[in-house]
Number of protein chains: 2
Amino acid sequence: MKYHKIPDETIRRMPMYLRAFSMLKTEHQDTISSIHLAERLHLKPPQIRKDLSYFGAFGTRGIGYPVSSTAKQIRSILKLNITQKAALIGAGRLGAAIAEYPGFSMFGFDIAAIFDNEPSKIGTKVGKNVVEDISKISMIRDLDIHLAILAVPADAAQSVVDMLVGCHVKGILNLSPCYLVVPRSMKVVTIDLAMELGTLPYYM
Amino acid sequence: MKYHKIPDETIRRMPMYLRAFSMLKTEHQDTISSIHLAERLHLKPPQIRKDLSYFGAFGTRGIGYPVSSTAKQIRSILKLNITQKAALIGAGRLGAAIAEYPGFSMFGFDIAAIFDNEPSKIGTKVGKNVVEDISKISMIRDLDIHLAILAVPADAAQSVVDMLVGCHVKGILNLSPCYLVVPRSMKVVTIDLAMELGTLPYYM
DNA sequence: CACTGTGAATTCCTTCACAGCG
DNA sequence: CGCTGTGAAGGAATTCACAGTG
(Lines give C-alpha, C1' and ligand atoms only; values in the text may rest on other atoms or scores of the structure.)
Protein backbone atom coordinates (compact mmCIF):
# COMPACT_ATOMS: atom_id res chain seq x y z
CA MET A 1 0.00 0.00 0.00
CA LYS A 2 1.30 3.47 -0.73
CA TYR A 3 1.97 5.88 2.09
CA HIS A 4 -0.85 6.67 4.49
CA LYS A 5 -0.86 8.41 7.80
CA ILE A 6 -2.13 5.86 10.31
CA PRO A 7 -5.32 7.12 11.97
CA ASP A 8 -5.26 7.57 15.72
CA GLU A 9 -8.42 5.53 15.86
CA THR A 10 -6.57 2.63 14.30
CA ILE A 11 -3.92 2.84 17.01
CA ARG A 12 -6.63 2.86 19.65
CA ARG A 13 -8.00 -0.38 18.24
CA MET A 14 -4.68 -2.19 17.99
CA PRO A 15 -4.63 -3.27 21.65
CA MET A 16 -8.15 -4.66 21.11
CA TYR A 17 -6.82 -6.77 18.29
CA LEU A 18 -3.87 -7.85 20.37
CA ARG A 19 -6.13 -8.97 23.17
CA ALA A 20 -8.40 -10.82 20.77
CA PHE A 21 -5.51 -12.61 19.06
CA SER A 22 -3.99 -13.51 22.43
CA MET A 23 -7.28 -15.02 23.53
CA LEU A 24 -7.67 -16.94 20.29
CA LYS A 25 -4.24 -18.35 20.82
CA THR A 26 -5.14 -19.70 24.25
CA GLU A 27 -8.23 -21.19 22.59
CA HIS A 28 -5.83 -22.99 20.22
CA GLN A 29 -7.44 -21.48 17.15
CA ASP A 30 -4.79 -20.90 14.54
CA THR A 31 -6.49 -18.68 12.01
CA ILE A 32 -9.38 -16.22 12.05
CA SER A 33 -11.10 -14.29 9.29
CA SER A 34 -11.96 -10.62 9.52
CA ILE A 35 -15.64 -11.63 9.51
CA HIS A 36 -15.39 -13.75 12.62
CA LEU A 37 -13.06 -11.36 14.39
CA ALA A 38 -15.48 -8.52 13.64
CA GLU A 39 -18.28 -10.45 15.31
CA ARG A 40 -16.27 -10.87 18.48
CA LEU A 41 -15.22 -7.26 18.67
CA HIS A 42 -18.44 -5.64 17.48
CA LEU A 43 -16.69 -4.09 14.49
CA LYS A 44 -17.13 -4.29 10.73
CA PRO A 45 -14.86 -6.63 8.75
CA PRO A 46 -13.41 -3.98 6.38
CA GLN A 47 -12.43 -1.92 9.41
CA ILE A 48 -10.25 -4.72 10.69
CA ARG A 49 -8.73 -5.46 7.29
CA LYS A 50 -7.89 -1.82 6.72
CA ASP A 51 -6.48 -1.33 10.21
CA LEU A 52 -4.16 -4.31 9.91
CA SER A 53 -3.19 -3.48 6.33
CA TYR A 54 -1.70 -0.16 7.45
CA PHE A 55 1.09 -2.19 8.97
CA GLY A 56 1.53 -4.85 6.31
CA ALA A 57 -0.17 -7.86 4.76
CA PHE A 58 -0.58 -10.26 7.64
CA GLY A 59 -3.43 -12.37 6.28
CA THR A 60 -3.71 -15.27 3.88
CA ARG A 61 -6.29 -14.81 1.11
CA GLY A 62 -8.98 -17.40 1.24
CA ILE A 63 -8.13 -18.26 4.85
CA GLY A 64 -7.80 -15.30 7.20
CA TYR A 65 -5.19 -14.13 9.68
CA PRO A 66 -2.75 -16.57 11.30
CA VAL A 67 -3.39 -16.07 15.01
CA SER A 68 0.03 -16.57 16.46
CA SER A 69 2.14 -14.60 14.02
CA THR A 70 -0.35 -11.74 13.75
CA ALA A 71 -0.37 -11.43 17.53
CA LYS A 72 3.40 -11.23 17.44
CA GLN A 73 3.32 -8.57 14.73
CA ILE A 74 0.85 -6.40 16.60
CA ARG A 75 2.85 -6.76 19.77
CA SER A 76 5.93 -5.42 18.06
CA ILE A 77 4.01 -2.61 16.32
CA LEU A 78 2.80 -1.44 19.71
CA LYS A 79 6.28 -2.01 21.17
CA LEU A 80 4.81 -4.47 23.62
CA ASN A 81 7.17 -7.22 22.52
CA ILE A 82 9.61 -6.05 25.15
CA THR A 83 8.48 -5.78 28.76
CA GLN A 84 7.33 -2.25 29.42
CA LYS A 85 8.07 -1.16 32.94
CA ALA A 86 5.62 1.25 34.53
CA ALA A 87 5.65 3.24 37.75
CA LEU A 88 2.48 3.57 39.76
CA ILE A 89 2.03 6.83 41.65
CA GLY A 90 -0.55 6.60 44.40
CA ALA A 91 -1.06 3.58 46.63
CA GLY A 92 -4.59 4.33 47.77
CA ARG A 93 -7.51 2.10 46.96
CA LEU A 94 -7.38 2.81 43.27
CA GLY A 95 -3.62 2.38 43.18
CA ALA A 96 -3.90 -0.93 45.00
CA ALA A 97 -6.58 -2.12 42.59
CA ILE A 98 -4.33 -1.27 39.66
CA ALA A 99 -1.27 -2.86 41.24
CA GLU A 100 -3.14 -6.14 41.45
CA TYR A 101 -4.98 -5.87 38.17
CA PRO A 102 -4.10 -9.05 36.30
CA GLY A 103 -4.83 -7.65 32.83
CA PHE A 104 -1.59 -5.70 32.41
CA SER A 105 0.63 -8.74 32.05
CA MET A 106 -1.04 -9.88 28.82
CA PHE A 107 0.26 -6.69 27.26
CA GLY A 108 3.70 -7.13 28.74
CA PHE A 109 3.41 -4.37 31.31
CA ASP A 110 5.25 -4.68 34.57
CA ILE A 111 4.56 -2.41 37.52
CA ALA A 112 8.14 -1.94 38.60
CA ALA A 113 7.73 0.65 41.35
CA ILE A 114 5.05 2.24 43.50
CA PHE A 115 5.17 5.65 45.17
CA ASP A 116 3.01 7.49 47.66
CA ASN A 117 3.43 10.47 49.95
CA GLU A 118 1.61 9.10 52.96
CA PRO A 119 4.01 7.89 55.67
CA SER A 120 1.67 5.12 56.80
CA LYS A 121 1.77 3.54 53.36
CA ILE A 122 5.48 3.81 52.71
CA GLY A 123 7.23 0.51 53.30
CA THR A 124 4.03 -1.54 53.00
CA LYS A 125 3.66 -4.06 50.23
CA VAL A 126 1.11 -3.45 47.48
CA GLY A 127 0.97 -6.16 44.86
CA LYS A 128 4.55 -7.33 44.47
CA ASN A 129 6.15 -3.97 45.25
CA VAL A 130 7.06 -2.09 48.38
CA VAL A 131 5.68 1.45 48.41
CA GLU A 132 8.41 4.08 48.19
CA ASP A 133 8.33 7.66 49.39
CA ILE A 134 7.44 10.07 46.60
CA SER A 135 10.64 11.94 47.44
CA LYS A 136 12.51 8.99 45.93
CA ILE A 137 10.72 9.46 42.62
CA SER A 138 14.01 9.85 40.75
CA MET A 139 14.30 6.07 41.12
CA ILE A 140 12.10 6.07 38.03
CA ARG A 141 14.91 7.50 35.98
CA ASP A 142 17.48 5.18 37.49
CA LEU A 143 15.29 2.15 36.80
CA ASP A 144 14.85 3.31 33.20
CA ILE A 145 11.06 3.46 33.48
CA HIS A 146 9.27 5.51 30.83
CA LEU A 147 5.64 4.92 31.70
CA ALA A 148 3.67 6.10 34.70
CA ILE A 149 0.19 5.43 35.99
CA LEU A 150 -1.26 8.28 38.02
CA ALA A 151 -3.72 7.32 40.73
CA VAL A 152 -3.48 10.39 42.94
CA PRO A 153 -6.06 13.04 43.89
CA ALA A 154 -6.72 15.53 41.12
CA ASP A 155 -5.15 18.41 42.99
CA ALA A 156 -1.86 16.55 43.31
CA ALA A 157 -1.69 15.30 39.74
CA GLN A 158 0.01 18.25 38.06
CA SER A 159 2.78 18.49 40.63
CA VAL A 160 3.50 14.77 40.24
CA VAL A 161 3.57 15.18 36.47
CA ASP A 162 6.13 17.96 36.78
CA MET A 163 8.34 15.57 38.72
CA LEU A 164 7.81 12.82 36.15
CA VAL A 165 9.00 15.10 33.37
CA GLY A 166 12.34 15.30 35.14
CA CYS A 167 12.46 11.50 35.36
CA HIS A 168 12.27 11.11 31.57
CA VAL A 169 8.84 9.56 31.68
CA LYS A 170 7.37 9.60 28.17
CA GLY A 171 3.83 8.34 28.69
CA ILE A 172 1.23 8.76 31.41
CA LEU A 173 -2.02 6.99 32.10
CA ASN A 174 -3.88 9.54 34.20
CA LEU A 175 -6.81 8.43 36.31
CA SER A 176 -7.55 11.81 37.84
CA PRO A 177 -10.26 14.04 36.46
CA CYS A 178 -7.97 16.87 35.37
CA TYR A 179 -6.02 18.25 32.42
CA LEU A 180 -2.30 17.97 32.62
CA VAL A 181 0.21 20.39 31.18
CA VAL A 182 3.05 18.37 29.68
CA PRO A 183 5.85 18.93 27.19
CA ARG A 184 5.04 17.92 23.63
CA SER A 185 7.33 14.91 23.97
CA MET A 186 5.01 13.36 26.51
CA LYS A 187 1.84 11.45 25.67
CA VAL A 188 -1.02 11.46 28.17
CA VAL A 189 -4.12 9.30 28.22
CA THR A 190 -6.70 10.40 30.78
CA ILE A 191 -9.46 8.13 32.01
CA ASP A 192 -12.17 9.88 33.96
CA LEU A 193 -14.67 7.41 35.34
CA ALA A 194 -17.28 9.96 36.24
CA MET A 195 -17.12 11.50 32.79
CA GLU A 196 -17.68 8.17 31.10
CA LEU A 197 -20.58 7.46 33.41
CA GLY A 198 -21.85 10.97 32.72
CA THR A 199 -22.84 10.16 29.16
CA LEU A 200 -25.03 7.18 30.02
CA PRO A 201 -28.20 8.86 31.34
CA TYR A 202 -28.39 10.87 28.11
CA TYR A 203 -28.88 7.69 26.13
CA MET A 204 -31.37 6.09 28.47
CA MET B 1 -30.00 26.12 13.91
CA LYS B 2 -31.80 23.74 11.59
CA TYR B 3 -31.96 20.04 12.43
CA HIS B 4 -28.70 18.22 12.98
CA LYS B 5 -27.96 14.81 14.36
CA ILE B 6 -25.82 15.40 17.44
CA PRO B 7 -22.44 13.68 17.03
CA ASP B 8 -21.56 11.02 19.58
CA GLU B 9 -18.29 12.82 20.10
CA THR B 10 -20.19 15.89 21.18
CA ILE B 11 -22.04 13.84 23.78
CA ARG B 12 -18.74 12.44 25.01
CA ARG B 13 -17.47 15.97 25.55
CA MET B 14 -20.52 17.27 27.38
CA PRO B 15 -19.48 15.88 30.78
CA MET B 16 -16.13 17.61 30.25
CA TYR B 17 -17.93 20.87 29.79
CA LEU B 18 -20.10 20.22 32.80
CA ARG B 19 -17.05 19.56 34.96
CA ALA B 20 -15.34 22.69 33.66
CA PHE B 21 -18.37 24.91 34.27
CA SER B 22 -18.83 23.43 37.74
CA MET B 23 -15.24 24.22 38.59
CA LEU B 24 -15.54 27.74 37.21
CA LYS B 25 -18.55 28.23 39.41
CA THR B 26 -16.61 27.28 42.53
CA GLU B 27 -13.95 29.75 41.38
CA HIS B 28 -16.69 32.40 41.33
CA GLN B 29 -16.14 33.21 37.69
CA ASP B 30 -19.42 34.13 36.11
CA THR B 31 -18.71 34.06 32.41
CA ILE B 32 -16.18 32.35 30.17
CA SER B 33 -15.45 32.67 26.47
CA SER B 34 -14.92 29.70 24.17
CA ILE B 35 -11.30 30.80 23.78
CA HIS B 36 -10.51 30.57 27.46
CA LEU B 37 -12.51 27.40 27.95
CA ALA B 38 -10.68 25.83 25.02
CA GLU B 39 -7.35 26.58 26.66
CA ARG B 40 -8.40 24.80 29.83
CA LEU B 41 -9.72 21.76 28.07
CA HIS B 42 -7.14 21.48 25.32
CA LEU B 43 -9.78 21.91 22.64
CA LYS B 44 -10.30 24.42 19.84
CA PRO B 45 -12.77 27.29 20.38
CA PRO B 46 -15.06 26.51 17.43
CA GLN B 47 -15.40 22.96 18.69
CA ILE B 48 -16.86 24.20 21.94
CA ARG B 49 -19.15 26.72 20.27
CA LYS B 50 -20.48 24.13 17.85
CA ASP B 51 -20.97 21.50 20.55
CA LEU B 52 -22.96 23.84 22.77
CA SER B 53 -24.93 25.29 19.87
CA TYR B 54 -26.41 21.87 19.09
CA PHE B 55 -28.45 22.29 22.24
CA GLY B 56 -29.31 25.96 21.97
CA ALA B 57 -27.78 29.41 22.16
CA PHE B 58 -26.38 29.60 25.66
CA GLY B 59 -23.81 32.31 25.13
CA THR B 60 -23.85 36.08 25.02
CA ARG B 61 -22.18 37.64 21.99
CA GLY B 62 -19.30 39.84 22.94
CA ILE B 63 -19.07 38.24 26.39
CA GLY B 64 -19.07 34.44 26.43
CA TYR B 65 -21.04 31.79 28.27
CA PRO B 66 -22.71 32.50 31.63
CA VAL B 67 -21.14 29.91 33.91
CA SER B 68 -23.98 29.12 36.24
CA SER B 69 -26.85 28.87 33.79
CA THR B 70 -24.83 27.00 31.18
CA ALA B 71 -23.84 24.45 33.82
CA LYS B 72 -27.49 24.03 34.66
CA GLN B 73 -28.41 23.58 31.00
CA ILE B 74 -25.75 20.94 30.41
CA ARG B 75 -26.79 19.13 33.54
CA SER B 76 -30.34 18.86 32.30
CA ILE B 77 -29.26 17.87 28.78
CA LEU B 78 -27.30 14.99 30.26
CA LYS B 79 -30.18 14.23 32.63
CA LEU B 80 -27.86 14.80 35.55
CA ASN B 81 -30.14 17.43 37.09
CA ILE B 82 -31.88 14.66 38.98
CA THR B 83 -29.85 12.31 41.19
CA GLN B 84 -28.93 9.23 39.19
CA LYS B 85 -28.78 6.14 41.34
CA ALA B 86 -26.24 3.50 40.36
CA ALA B 87 -25.58 -0.03 41.53
CA LEU B 88 -22.04 -1.23 41.94
CA ILE B 89 -21.42 -4.90 41.22
CA GLY B 90 -18.18 -6.19 42.69
CA ALA B 91 -16.78 -5.14 46.04
CA GLY B 92 -13.16 -6.09 45.45
CA ARG B 93 -10.36 -3.57 45.41
CA LEU B 94 -11.57 -1.87 42.28
CA GLY B 95 -15.15 -1.84 43.52
CA ALA B 96 -14.06 -0.35 46.82
CA ALA B 97 -12.04 2.32 45.03
CA ILE B 98 -15.07 3.25 42.97
CA ALA B 99 -17.41 3.24 45.95
CA GLU B 100 -15.24 5.85 47.63
CA TYR B 101 -14.39 7.82 44.51
CA PRO B 102 -15.41 11.38 45.33
CA GLY B 103 -15.82 12.48 41.69
CA PHE B 104 -19.23 10.94 41.09
CA SER B 105 -21.14 13.33 43.28
CA MET B 106 -20.32 16.36 41.13
CA PHE B 107 -22.32 14.71 38.37
CA GLY B 108 -25.16 13.82 40.68
CA PHE B 109 -24.45 10.11 40.82
CA ASP B 110 -25.30 8.16 43.94
CA ILE B 111 -24.04 4.64 44.53
CA ALA B 112 -27.22 3.28 46.03
CA ALA B 113 -26.34 -0.43 46.36
CA ILE B 114 -23.34 -2.73 46.21
CA PHE B 115 -23.34 -6.44 45.40
CA ASP B 116 -20.79 -9.22 45.53
CA ASN B 117 -20.86 -13.00 45.50
CA GLU B 118 -18.17 -13.61 48.07
CA PRO B 119 -19.61 -14.56 51.47
CA SER B 120 -16.78 -12.88 53.38
CA LYS B 121 -17.65 -9.52 51.83
CA ILE B 122 -21.40 -9.68 52.21
CA GLY B 123 -22.59 -7.58 55.14
CA THR B 124 -19.40 -5.52 55.30
CA LYS B 125 -19.54 -1.81 54.70
CA VAL B 126 -17.92 -0.35 51.59
CA GLY B 127 -18.23 3.39 51.26
CA LYS B 128 -21.65 4.20 52.68
CA ASN B 129 -23.31 0.94 51.65
CA VAL B 130 -23.50 -2.55 53.07
CA VAL B 131 -22.53 -5.20 50.53
CA GLU B 132 -25.47 -7.36 49.49
CA ASP B 133 -25.42 -10.90 48.16
CA ILE B 134 -25.57 -11.00 44.37
CA SER B 135 -28.60 -13.29 44.71
CA LYS B 136 -30.50 -10.22 45.94
CA ILE B 137 -29.74 -8.38 42.72
CA SER B 138 -33.43 -7.84 41.99
CA MET B 139 -33.23 -5.14 44.68
CA ILE B 140 -31.98 -3.04 41.79
CA ARG B 141 -35.36 -3.15 40.16
CA ASP B 142 -37.17 -2.49 43.41
CA LEU B 143 -34.96 0.51 44.16
CA ASP B 144 -35.63 1.85 40.66
CA ILE B 145 -31.95 1.92 39.72
CA HIS B 146 -31.18 2.10 36.02
CA LEU B 147 -27.40 2.37 36.03
CA ALA B 148 -24.82 -0.22 36.98
CA ILE B 149 -21.06 -0.16 37.37
CA LEU B 150 -19.40 -3.50 36.73
CA ALA B 151 -16.21 -4.20 38.65
CA VAL B 152 -16.14 -7.97 38.46
CA PRO B 153 -13.68 -10.40 36.84
CA ALA B 154 -14.04 -10.59 33.06
CA ASP B 155 -15.34 -14.14 33.10
CA ALA B 156 -18.20 -13.18 35.40
CA ALA B 157 -19.22 -10.03 33.57
CA GLN B 158 -21.60 -11.46 30.99
CA SER B 159 -23.58 -13.48 33.51
CA VAL B 160 -24.00 -10.39 35.69
CA VAL B 161 -25.14 -8.41 32.68
CA ASP B 162 -27.79 -11.02 31.92
CA MET B 163 -29.13 -10.54 35.42
CA LEU B 164 -29.05 -6.76 35.07
CA VAL B 165 -31.18 -6.95 31.94
CA GLY B 166 -33.91 -8.51 34.06
CA CYS B 167 -33.58 -5.68 36.58
CA HIS B 168 -34.41 -3.03 33.97
CA VAL B 169 -30.94 -1.56 34.05
CA LYS B 170 -30.49 0.70 31.02
CA GLY B 171 -26.85 1.71 31.19
CA ILE B 172 -23.64 -0.05 32.23
CA LEU B 173 -20.16 1.21 32.93
CA ASN B 174 -18.07 -1.90 32.39
CA LEU B 175 -14.57 -2.05 33.83
CA SER B 176 -13.78 -5.59 32.67
CA PRO B 177 -11.79 -6.22 29.53
CA CYS B 178 -14.56 -7.98 27.63
CA TYR B 179 -17.36 -7.44 25.15
CA LEU B 180 -20.86 -7.70 26.50
CA VAL B 181 -23.89 -8.93 24.65
CA VAL B 182 -26.81 -6.69 25.56
CA PRO B 183 -30.24 -5.87 24.16
CA ARG B 184 -30.35 -2.82 21.92
CA SER B 185 -32.15 -0.89 24.63
CA MET B 186 -29.06 -1.01 26.84
CA LYS B 187 -26.09 1.29 26.50
CA VAL B 188 -22.65 0.03 27.57
CA VAL B 189 -19.44 1.98 28.05
CA THR B 190 -16.40 -0.21 28.56
CA ILE B 191 -13.20 1.08 30.09
CA ASP B 192 -10.23 -1.22 29.69
CA LEU B 193 -7.22 0.12 31.56
CA ALA B 194 -4.71 -2.18 29.95
CA MET B 195 -5.95 -1.29 26.50
CA GLU B 196 -5.57 2.41 27.14
CA LEU B 197 -2.11 1.85 28.49
CA GLY B 198 -1.39 -0.35 25.48
CA THR B 199 -1.35 2.56 23.06
CA LEU B 200 1.25 4.59 24.96
CA PRO B 201 4.48 2.81 24.03
CA TYR B 202 3.60 3.22 20.34
CA TYR B 203 3.77 6.98 20.69
CA MET B 204 6.94 7.08 22.75
C1' DC C 1 -16.02 45.78 19.50
C1' DA C 2 -15.62 41.02 21.06
C1' DC C 3 -17.75 37.44 21.13
C1' DT C 4 -21.25 33.71 19.66
C1' DG C 5 -23.68 30.89 16.26
C1' DT C 6 -23.49 28.56 12.01
C1' DG C 7 -23.39 27.29 6.93
C1' DA C 8 -19.51 25.87 4.09
C1' DA C 9 -15.03 23.86 3.51
C1' DT C 10 -11.96 20.71 5.02
C1' DT C 11 -10.04 16.89 7.19
C1' DC C 12 -10.39 12.50 9.02
C1' DC C 13 -12.33 7.99 9.37
C1' DT C 14 -15.24 4.27 7.76
C1' DT C 15 -17.32 1.48 4.45
C1' DC C 16 -17.82 -0.25 -0.12
C1' DA C 17 -16.74 -2.91 -3.99
C1' DC C 18 -13.87 -5.49 -6.30
C1' DA C 19 -9.24 -6.87 -8.03
C1' DG C 20 -5.82 -10.20 -6.71
C1' DC C 21 -4.27 -14.28 -4.73
C1' DG C 22 -3.76 -18.72 -2.15
C1' DC D 1 -14.02 -20.23 -4.32
C1' DG D 2 -13.22 -17.47 -0.09
C1' DC D 3 -10.86 -14.32 1.87
C1' DT D 4 -7.48 -10.41 2.05
C1' DG D 5 -5.80 -5.87 0.59
C1' DT D 6 -6.91 -1.46 -1.14
C1' DG D 7 -8.24 2.55 -4.15
C1' DA D 8 -12.41 5.06 -4.34
C1' DA D 9 -16.74 6.58 -2.42
C1' DG D 10 -19.24 7.96 1.31
C1' DG D 11 -20.08 9.72 5.86
C1' DA D 12 -18.90 11.95 10.13
C1' DA D 13 -16.58 15.21 12.82
C1' DT D 14 -13.70 19.27 12.95
C1' DT D 15 -12.34 23.70 11.63
C1' DC D 16 -12.88 27.87 9.09
C1' DA D 17 -14.68 32.25 8.12
C1' DC D 18 -17.73 35.47 8.74
C1' DA D 19 -22.48 37.21 9.47
C1' DG D 20 -25.11 38.55 13.41
C1' DT D 21 -25.75 40.65 17.87
C1' DG D 22 -25.59 42.26 22.80
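The shown structure was predicted, so the numbers you read here are calculated from the model rather than taken from an experiment.

Quick word on the protein's contact with DNA strand C
Looking at DNA strand C, there are 27 residues lining it, with A:R13, B:S34, B:R49, B:G59 and B:Y65 nearest. Put simply, 61% of the atoms of DNA strand C that lie within 4 Å of the protein are in sugar or phosphate. Residue A:R61 places a side-chain N or O atom 2.9 Å away from a base nitrogen belonging to DNA strand C. Note that a phosphate oxygen of DNA strand C is positioned 3.0 Å from one of the backbone N or O atoms of B:F58. Secondary-structure elements contributing two or more residues to the surface near DNA strand C are helix 1 (8–26) and helix 3 (45–53) of chain A together with helix 3 (45–53) of chain B. Ranked by the residues each element gives to the surface near DNA strand C, the list is headed by helix 3 of chain A, at four residues.

Quick word on the interface of chain B and chain A
Each partner contributes residues to the interface: chain B has 54 residues there, and chain A has 54 residues. Both sides of the chain B and chain A interface together cover about 5300 Å² of buried area, and 73% of this is carbon and sulfur. It is B:L197, B:Y202 and B:M204 that lose the most area in chain B upon contact with chain A, and together they represent 13% of the buried surface on that side. Between chain B and chain A we count six salt bridges in total. Where A:D192 meets B:R19, a salt bridge forms, and the shortest distance between an N and an O atom there is 2.0 Å. Where chain B touches chain A, the interface holds nine residue pairs in polar contact (both at pLDDT 80 or more).

Concerning the nonpolar core
Judged by nonpolar contacts, the single largest core of 94 residues is most densely connected at A:F21, A:F104, B:F21 and B:F104. With residues near it in sequence (within four places) discarded, B:F104 still touches A:L193, A:A194, A:L197, B:I98, B:F109, B:I111 and B:I149.

Details of the packing of aromatic side chains
Using the criterion set out here, one finds six aromatic pairs over all chains in the structure. Both rings, one in A:Y202 and one in A:Y203, keep their centres 5.2 Å apart while their planes meet at 90 degrees; by these two values the pair is edge-to-face. Judged by relative accessible area, which is 29%, A:Y203 ranks as partly exposed. The residue whose ring lies beneath A:K187 is B:Y203, and the NZ or CZ to ring-centre distance is 4.0 Å.

Overview of the pairing of strand 4 (residues 109–116) of chain B
Residues and elements named next belong to chain B. Among the eight residues that make up strand 4, six are buried, leaving the element largely enclosed by the rest of the structure. Bridging between strand 3 (residues 84–89) and strand 4 involves six bridges; their strand directions are parallel. If you follow L88 over to strand 4, its bridge partner there is I114. In this region the chain leaves strand 3, passes through helix 5 (residues 93–99) and returns to the parallel neighbour strand 4; the handedness of that crossover is right-handed. Note: strand 4 against strand 6 (residues 129–133), three bridges, orientation parallel. When the sheet's bridge partners are listed, F115 is paired in strand 6 with E132.

Considerations on the protein's contact with DNA strand D
Taken together, 25 residues sit near DNA strand D, with A:S34, A:G59, A:Y65, B:R13 and B:R61 positioned nearest. The sugar-phosphate share of atoms of DNA strand D within 4 Å of the protein amounts to 60%. Interatomic distance of 3.5 Å between a side-chain N/O atom of B:K44 and a phosphate oxygen of DNA strand D. Elements supplying a minimum of two residues to the surface near DNA strand D: helix 3 of chain A together with helix 1 (8–26) and helix 3 of chain B. Here the surface near DNA strand D takes four residues from helix 3 of chain B, the largest share from any one element. Across the surface near DNA strand D, the residue classes tally to seven nonpolar, eight polar and ten charged.

Concerning the packing of helix 1 of chain A against helix 2 (residues 34–41) of chain A
Residues and elements named next belong to chain A. Two elements in contact, helix 1 and helix 2, have axes separated by 11 Å at closest approach and are oriented at 105 degrees. Between helix 1 and helix 2, the angle falls in the class roughly perpendicular. Contacts between helix 1 and helix 2 involve M16, Y17, A20, F21, M23 and L24 from the former and L37, R40 and L41 from the latter. Class assignment for the residues of the contact of helix 1 with helix 2 results in eight nonpolar, no polar and one charged.

Side note on the domain arrangement of chain A
Many authors give the size of an interface as the accessible area that is lost as the parts come together. Assigned domains of chain A: these are domain 1 (8–77) and domain 2 (84–197). On a C-alpha basis, the centroid separation for the pair domain 1 of chain A and domain 2 of chain A is 30 Å.

Side note on the pairing of strand 3 of chain B
All names here are of chain B. Counting buried positions along strand 3 yields five of six residues, so the element is predominantly enclosed. Examined bridge by bridge, strand 3 and strand 7 (residues 147–150) share four bridges and lie parallel to one another. Directly across from L88, in strand 7, lies its bridge partner I149.

Criteria and cut-off values
- Sequence order sets the numbering: in each chain, residues are counted from 1 along the sequence as written.
- For this description, chains carry letters from A and ligands carry numbers from 1, given in the order in which they are written.
- Per-residue local features are limited, in this predicted model, to residues with pLDDT of at least 70; the limit for side-chain atom pairs, both in listing and counting, is 80 or more; totals at the level of whole chains, interfaces and linings are taken over all residues.
- Calculation of side-chain values draws on the structure's entire complement of heavy atoms; hydrogens and water are dropped beforehand.
- Put simply, a residue is near a molecule or strand once any heavy atom of it comes within 4 Å of that molecule or strand.
- Polar contact criterion, stated in full: a pair of N or O atoms within 3.5 Å, where within protein one must be able to donate a hydrogen and the other to accept it, and residues adjacent in sequence count only if both atoms are side-chain atoms.
- A run of H or I in DSSP counts as a helix once it spans at least four residues, and a run of E counts as a strand once it spans at least two, with each numbered from the N terminus.
- Any two residues having at least one pair of non-hydrogen atoms within 4.5 Å are treated as being in contact.
- Accessible-area loss on putting two parts together, using a 1.4 Å probe and summing over both, is the definition of buried area adopted here.
- Salt bridge, as used here, is a side-chain nitrogen of Lys or Arg placed within 4 Å of a carboxyl oxygen of Asp or Glu.
- The nonpolar core is taken to be a set of buried Ala, Val, Leu, Ile, Met, Phe, Trp, Tyr and Cys residues, with the residues joined through side-chain atoms within 4.5 Å.
- Categorising residues by exposure relies on relative accessible area from a 1.4 Å probe, with only protein chains included: less than 20% of the type maximum marks a residue as buried, more than 50% marks it as exposed, and the intermediate range marks it as partly exposed.
- Any two of the Phe, Tyr and Trp rings considered here, Trp counted by its six-membered ring, make a pair once their centres fall within 6.5 Å; the pair's planes then place it as stacked at under 30 degrees, edge-to-face at over 60, or tilted in between.
- Only lysine NZ and arginine CZ atoms are considered, and such an atom sits over a ring when it is within 6 Å of the ring centre and within 35 degrees of the ring normal.
- Only strands joined by at least two bridges in the DSSP assignment are considered to pair.
- Convention used here: a crossover is right-handed provided that the path from the first strand, over the helix, to the second strand proceeds clockwise when the strands point away from the viewer.
- Only Asp, Glu, Lys and Arg are considered charged in this grouping, and only Ala, Val, Leu, Ile, Met, Phe, Trp, Tyr, Cys and Pro are considered nonpolar; every other residue, Gly among them, is considered polar.
- For helices, the axis comes from a line fit to the C-alpha atoms of the stretch in contact; other axes are also lines fit to C-alpha atoms, and the angle between any two N-to-C directions lies between 0 and 180 degrees.
- Here the angle decides the label: under 35 degrees means roughly parallel, over 145 means roughly antiparallel, 65 to 115 means roughly perpendicular, and every other value means oblique.
- Reported domain spans reflect what an automatic or database domain assignment gives.

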